[in-house]
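Here's the letter readout for the chains.
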Amino acid sequence: MAYHLVRRFGPKDKSQFGKEAFSTEPEAVIRACALLAVDDNAHFVIEDDRGNVVTNDLEIRDRCKATRIP
């Protein structure tokens, strides 16, 4: 099963979207954490290959905080 990291970024009135494919959901979360480190205003969801959301933005942010080294 493939997982897709869907990223919304930019100003709300001119949002842009990006989509990247990963083999596992944790790989997509790791990529989202790296992107959040650069742009904290981005929003993410992770979808399975059927388009179902498996991880939302709040869950991703919580997981990134849990793995961050102080």
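Preceding this paragraph is the structure being described.
Residues numbered from 1 in each chain as written. Predicted model: local features only at pLDDT ≥ 70, side-chain atom pairs only at ≥ 80, totals over all residues. Heavy atoms only, no water.

(A) Structural context of the packing of helix α1 (residues 25–38) against helix α2 (residues 57–67). Following both chains from N to C, one finds α1 and α2 inclined at 80°, their axes separated by 9 Å at the closest point. Comparing the axis directions of α1 and α2 gives the class roughly perpendicular. Counted together, Glu25, Pro26, Val29, Ala32, Cys33 and Leu36 of α1 and Ile60, Arg61, Arg63 and Cys64 of α2 form the full contact between these two elements. The residue makeup of the contact of α1 with α2, split by class, is seven nonpolar, no polar and three charged. (Axes fitted to C-alpha atoms, helices over the stretch in contact; angles between N-to-C directions. Helix = DSSP H or I, 4+ residues; strand = E, 2+ residues; numbered from the N terminus. Parallel < 35°, antiparallel > 145°, perpendicular 65-115°, else oblique. Contact = heavy atoms within 4.5 Å. Nonpolar A, V, L, I, M, F, W, Y, C, P; charged D, E, K, R; others polar.)

(B) Fine view of the pattern of salt bridges. Taken as a whole and judged by the stated rule, the model has three salt bridges. With a shortest N-O distance of 2.5 Å, Glu25 and Arg63 are connected by a salt bridge. In this pair, Glu25 is assigned in helix α1 and Arg63 in helix α2, connecting sequence segments 38 residues apart. With a shortest N-O distance of 2.8 Å, Arg61 and Asp57 are connected by a salt bridge. Linking Arg61 with Asp57, this pair stays in helix α2, spanning four residues, or about one helical turn. Residue Arg61 is classed as buried on the basis of its relative accessible area of 17%. (Salt bridge = Lys/Arg side-chain N within 4 Å of Asp/Glu carboxyl O. Buried < 20%, exposed > 50% of the residue type's maximum accessible area, 1.4 Å probe, protein only.)

It is worth stressing that arrangement in space is one thing and function is another; only the former is reported here.
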